[in-house]
Amino acid sequence: MQSLFDQPTNASPRIDELRRQILRHDHLYYVEAQPEISDRDYDKLLEELQDLERQNPDLVTPDSPTQRVGGAPVGQFAAVSHSVPMLSLANTYSREEVEDFDRRVREALEGAAPTYVCELKYDGVAMSLTYSNGVLALGATRGDGQTGDDVTANVRTIRSIPLRLHGSLIANCTVRGEVYMLNETFMKINETAEAQGDKTFANPRNLTAGTLKQKDSRHVAKRQLEFIAYWLDTRDTDLVRHSTNVELLHTIGFPTSPAVRRCGSVDEVMKFIAEWDEKRFDLPFQIDGIVIKVDSLRHQDELGFIARSPRWAIAYKYEARKAETVLEDITLQVGRTGVVTPVAELRPTALAGSTISRATLHNQDYIDELDLRIGDAVVIEKGGDVIPKVSGVVVAKRRADAAPWHMPHVCPCPRASALHRPEGEANWYCNDSLCPWQLRRRLEHFASRDAMDIDGLGEKAIAQFIDAGLLTCISDIYRLPQRREQVLELDRWAPKSFDKMVRGIEASKGQPFHRVIYALGIRFVGEGVAKVLCKAMPSIDQLMKAHHEDLRKIPDIGDAIAASVVAYMGEPDNALEVQALRDTGLCFVGEAPSELSQNLAGITFVFTGELTTVTRKQAEEIVEANGGKASGSVSKKTSYVVAGAEAGSKLKKAQELGVPVITEAAFLEMVNYQPTS
Ligand code: IVH
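These numbers come from a predicted model, not from an experiment. (Residues numbered from 1 in each chain as written. Predicted model: local features only at pLDDT ≥ 70, side-chain atom pairs only at ≥ 80, totals over all residues. Heavy atoms only, no water.)

1. Some details on the overall build of the protein chain
For the record, the criterion: A run of H or I in DSSP becomes a helix once it reaches four residues, and a run of E becomes a strand once it reaches two; helices and strands are each numbered from the N terminus. With C-alpha atoms as the basis for the radius of gyration, the globule rule is written as 2.2 Å multiplied by the number of residues raised to the power 0.38. Throughout, exposure labels follow a simple rule: accessible area from a 1.4 Å probe, protein chains only, divided by the maximum for the residue type, with under 20% read as buried, over 50% as exposed, and the rest as partly exposed. The Shrake-Rupley method, run with a 1.4 Å probe, gives the accessible areas here. Residue values count only the displayed protein chains as cover. When charges are tallied, Lys and Arg are placed among the positive residues and Asp and Glu among the negative ones, while His and the ends of the chain are skipped. To locate a charge, take NZ of a lysine, CZ of an arginine, CG of an aspartate or CD of a glutamate.
Counting secondary structure elements, the protein chain contains 24 helices and 24 strands. Rg of the C-alpha trace for the protein chain: 28 Å, near the compact-globule value of 26 Å for 677 residues, within the 12% margin. Along the first, second and third principal axes, the C-alpha atoms of the protein chain reach 85 × 85 × 55 Å. Relative to its 677 residues, the protein chain shows a buried fraction of 47%. Of the accessible surface of the protein chain, which amounts to about 33400 Å², a share of 50% is contributed by carbon and sulfur atoms. Separation of charge centres in the protein chain, based on 80 positive and 96 negative side chains, amounts to 1 Å.

This is the structure:
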């Protein structure tokens, strides 16, 4: 606690400096994807700022990066009226309709030739941002186009939205764009919700909309929303064309679409549309079409708008890709935590570039809602979508004897133990710790890339070893090296593949504590949670002894996680398993943060090409463990590019920029790497 006497007399310059630095690093990380400092160094800056603001509450301002973590909940959102209405776009679905649009534009411009700009139509939630004197003052939803909700507190938590504009060219403006969510974030949140028996969301847009409606911005801060800017209005500079506005938006600190193309004809527009109809499935987020805009702002003014849509822009909507097939069966899948999910077994059908033969049906409620019956003709779809889904039934084709489906109440594994449904959850669980199907998933998870990363022990091998009685629990993996003869008797095994697996098993003993904890497969303990737990309690003894309340005191650890950890550690079978793994030499202590090496502090590495001694992920972990930063792209700030075999464009860029290029061996020497024997 600071007394009045030692309170810094003027913390203001340091606070300003910290804010400037943090906002710059936010931009480098979230907008440019070119971070310069390690997460740890970033956290240090933020913590110092938080401390200073705590001591000097009068100096807290709305553009301080500390405001990104969210604040006290609000009762109701205030209504905001939009000075320029937020319009929506008319939709088109065919070349003919695009031609009609082009004709209308040309007629209205009385012969002047328009240039169009094509860009991606992000499938999220429209947002209007107002900046006053360079500072984010308001974030408002579209509402009915005239009046929306003031969601400023929620918007401030979105890291890619600048709290202060860059440069001094523009101080007062309105910026519009789309708030959206990456597919990966969406899937992670939904998986957790599903595992917890909470409501899941149909797509990233619904989850984004639901998140922005949260009254408590601290929840929003955890959801990792993204922003893309596509519209600017300001009197601070002359605006001439939409395409240059997009460049200007980027200059003043906003993420803008990587795919913006000026097109002089309908042919060129249709080419852009066709290209993205294929490529859209490779994007890490959802788009639902293409927006076609007249580039010249003078032309836009002349065209004006009718009703709620501009006459200078239209949307071309992509159809969800649909196909009809037959629901041949509904089987049950058992997850590693025992959750039992129904799966649609479909007659294999080609859909948007892949063959679909299975799709999750989530739970009984989902099946009831669609009224799915085995033998039904069903519609499956992929709407630029993350995962294909069964979206409907062709009832007219239903056989008279098709009966509603009911979830069996026994596990589908040979032990057929009874299933349980916890109060208030939609999911059924198998609680049998000896269930071989759960074992299989647990072992797959344990050996997987992000967990223990055991090379040579894949899904097929695991299934084979379970059938042969060689794997009955996780620690049996470490007994496999002594089972050479039994393994070599099995199909597809040769001395070479066996030796490779043994090397993989041995190498996994070098995995750090948090990876081991993640690998155990404790319910709700994902990679991030495992790191948090191991940082707060850097030994298995501490974790095993921890009570619910001890765990709840750790930031970000809620009731569900705490209860799950306590339940796992309290189970005698698990305690035996942990002991057995300990005996084999797995790492069950974490390094206290202060003991970590800082050899590479301030040094940024980019790895490229094929590494031979370590995997790229391991190399990046080594860098981070030594206080350095591993980045995905080369810039002037990169300290070293480590180039393996067949390095391509990154190596070239390093050479152009004069960034030192070193070999994998030189890198390993630099970090004093000792292979685990
Ligand atoms: S321009 C007056 N550009 O689509 C036109 N909109 O129905 C203003 N959207 O409400 C919108 N990506 O939420 C524009 N590149 C893009 C867009 C985009 C997504 C959304 C936006 C708008 C809706 C149109």
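Back to the text.
2. A word on the sheet that holds strand E3 (residues 116-122)
Heads up, the rule is: Pairing between strands is defined by DSSP: at least two bridges between them are needed. Residues count as neighbours in contact if any of their non-hydrogen atoms are within 4.5 Å of one another. Only the contacting stretch of a helix is used when fitting its axis, a line to C-alpha atoms as for every element, and angles between N-to-C directions run 0 to 180 degrees.
Read from one edge of the open sheet, 5 strands run E2-E13-E10-E3-E9, paired in mixed fashion. The strands lining the two open edges of the sheet, one partner per strand, are strand E2 (91-92) and strand E9 (260-263). As paired elements, E2 and strand E13 (residues 313-317) share 2 bridges and run parallel to each other. Bridge assignment links Thr92 to a residue of E13, and that residue is Tyr316. Packing against the sheet, helix H8 (residues 242-251) makes contact with E3, E9 and strand E10 (287-294), and its axis sits at approximately 50° to E3.

3. Some words on the site of the ligand
Selection rule: Whether a residue is near a molecule or strand depends on its heavy atoms: it is near if one of them lies within 4 Å of it. Polar contacts, as counted here, are pairs of nitrogen or oxygen atoms within 3.5 Å of one another; within protein the pair requires one atom able to donate a hydrogen and one able to accept it, and residues that are adjacent in sequence qualify only if both atoms are side-chain atoms. Three categories are distinguished: nonpolar for Ala, Val, Leu, Ile, Met, Phe, Trp, Tyr, Cys and Pro, charged for Asp, Glu, Lys and Arg, and polar for the others, with Gly belonging to the last.
Around the ligand, 14 residues are found, and the nearest of them are Glu119, Tyr122, Glu178, Tyr230 and Lys293. Here Leu120 contributes a backbone N or O atom positioned 3.1 Å from a nitrogen atom of the ligand. A distance of 3.0 Å separates a nitrogen atom of the ligand from a polar backbone atom of Tyr122. Isolated, the ligand exposes 520 Å² of accessible area, and the fraction of that covered by the protein chains is 88%. Of all elements in the fold, only E3 and E10 reach the threshold of two or more residues within the shell around the ligand. Tallying contributions element by element places E3 first for the shell around the ligand, with 4 residues. The class makeup of the residues in the shell around the ligand is 9 nonpolar, 1 polar and 4 charged.

4. Looking at the packing of helix H1 (residues 12-31) against helix H2 (residues 39-55)
As a reminder of what qualifies: A crossing counts as left-handed when the near helix is turned anticlockwise from the far one by less than a right angle, and as right-handed when that turn is clockwise.
With their axes 10 Å apart at the nearest point, H1 and H2 run at an angle of 145° to one another. Relative to H2, the crossing made by H1 is left-handed. Residue-level inspection shows Arg14, Ile15, Leu18, Arg19, Gln21, Ile22, His25, Asp26 and Tyr29 of H1 in contact with H2, the latter providing Asp39, Tyr42, Leu45, Leu46, Glu48, Leu49, Leu52 and Glu53. Taken together, the residues that form the contact of H1 with H2 break down as 9 nonpolar, 2 polar and 6 charged.

5. Digging into the packing of aromatic side chains
For the record, the criterion: By convention, a stacked pair of Phe, Tyr or Trp rings (six-membered ring in the case of Trp) has centres within 6.5 Å and planes under 30 degrees apart, an edge-to-face pair has planes over 60 apart, and any other such pair is tilted. Working rule: Lys NZ or Arg CZ, within 6 Å of ring centre, within 35 degrees of ring normal, means a charge sits over the ring.
Here the structure, examined in full by the defined rule, presents 15 aromatic pairs. Between Tyr131 and Phe254 the ring centres are 5.7 Å apart and the planes differ by 90°, which places this aromatic pair in the edge-to-face class. Remark: Phe254 occurs in the loop between H8 and E9 and Tyr131 occurs in strand E4 (residues 125-132); sequence separation between them is 123 residues. The class of Phe254 is buried, set by a relative accessible area of 0%. One aromatic cluster is present, built from ring pairs that chain together Phe605, Phe607, Tyr640 and Phe667. Its end group placed over the ring of Phe77, Lys215 keeps NZ or CZ at 5.4 Å from the ring centre. It is Lys382 that lies over the ring of Phe281; its NZ or CZ is 5.6 Å from the centre.

6. Some thoughts on the sheet that holds strand E24 (residues 661-662)
The strand order across the open sheet built from 4 strands is E22-E21-E23-E24, with neighbouring strands paired in parallel fashion. Strands with a single pairing partner mark the edges of an open sheet, and in this sheet they are strand E22 (629-631) and E24. Relative to E24, strand E23 (residues 640-643) runs parallel, the two sharing 2 bridges. Each residue of the ladder has a partner; that of Val641, found in E24, is Val661.

7. Observations regarding the nonpolar core
Threshold: By convention a nonpolar core is built from buried Ala, Val, Leu, Ile, Met, Phe, Trp, Tyr and Cys residues, the set being connected through side-chain atoms within 4.5 Å.
Counting residues in each nonpolar core, the largest one holds 53 residues, and the members touching the most others are Leu457, Phe465 and Leu551. Put simply, the parts of the chain that give this core at least two residues each are helix H12 (436-447), helix H13 (459-467), helix H15 (495-507), helix H16 (513-519), helix H17 (527-536), helix H18 (540-545), helix H20 (559-570) and helix H21 (572-583). In this view, Phe465 contacts Leu457, Leu470, Leu471, Leu480, Val487, Leu490, Trp493 and Met501; residues no more than four positions away in its chain are not counted. Listed in part, the 31 residues of the second largest apolar core include Leu129, Val151, Leu212 and Ala229.

8. Overview of H20
Here is the rule: What a helix should span is 1.5 Å times the count of its residues minus one. Read the arc as the range of directions from the helix axis to the C-beta atoms.
For H20, which comprises 12 residues, the first-to-last C-alpha distance of 16 Å matches the rise-based estimate of 16 Å (1.5 Å per residue) to within 8%. Those residues of H20 lying buried are Ile561, Ala562, Ser564, Val565, Tyr568 and Met569. Seen along its axis, H20 keeps its buried residues to an arc of 165°; they face one direction. Buried positions along H20 lie against H17, H18, helix H19 (548-552) and H21.

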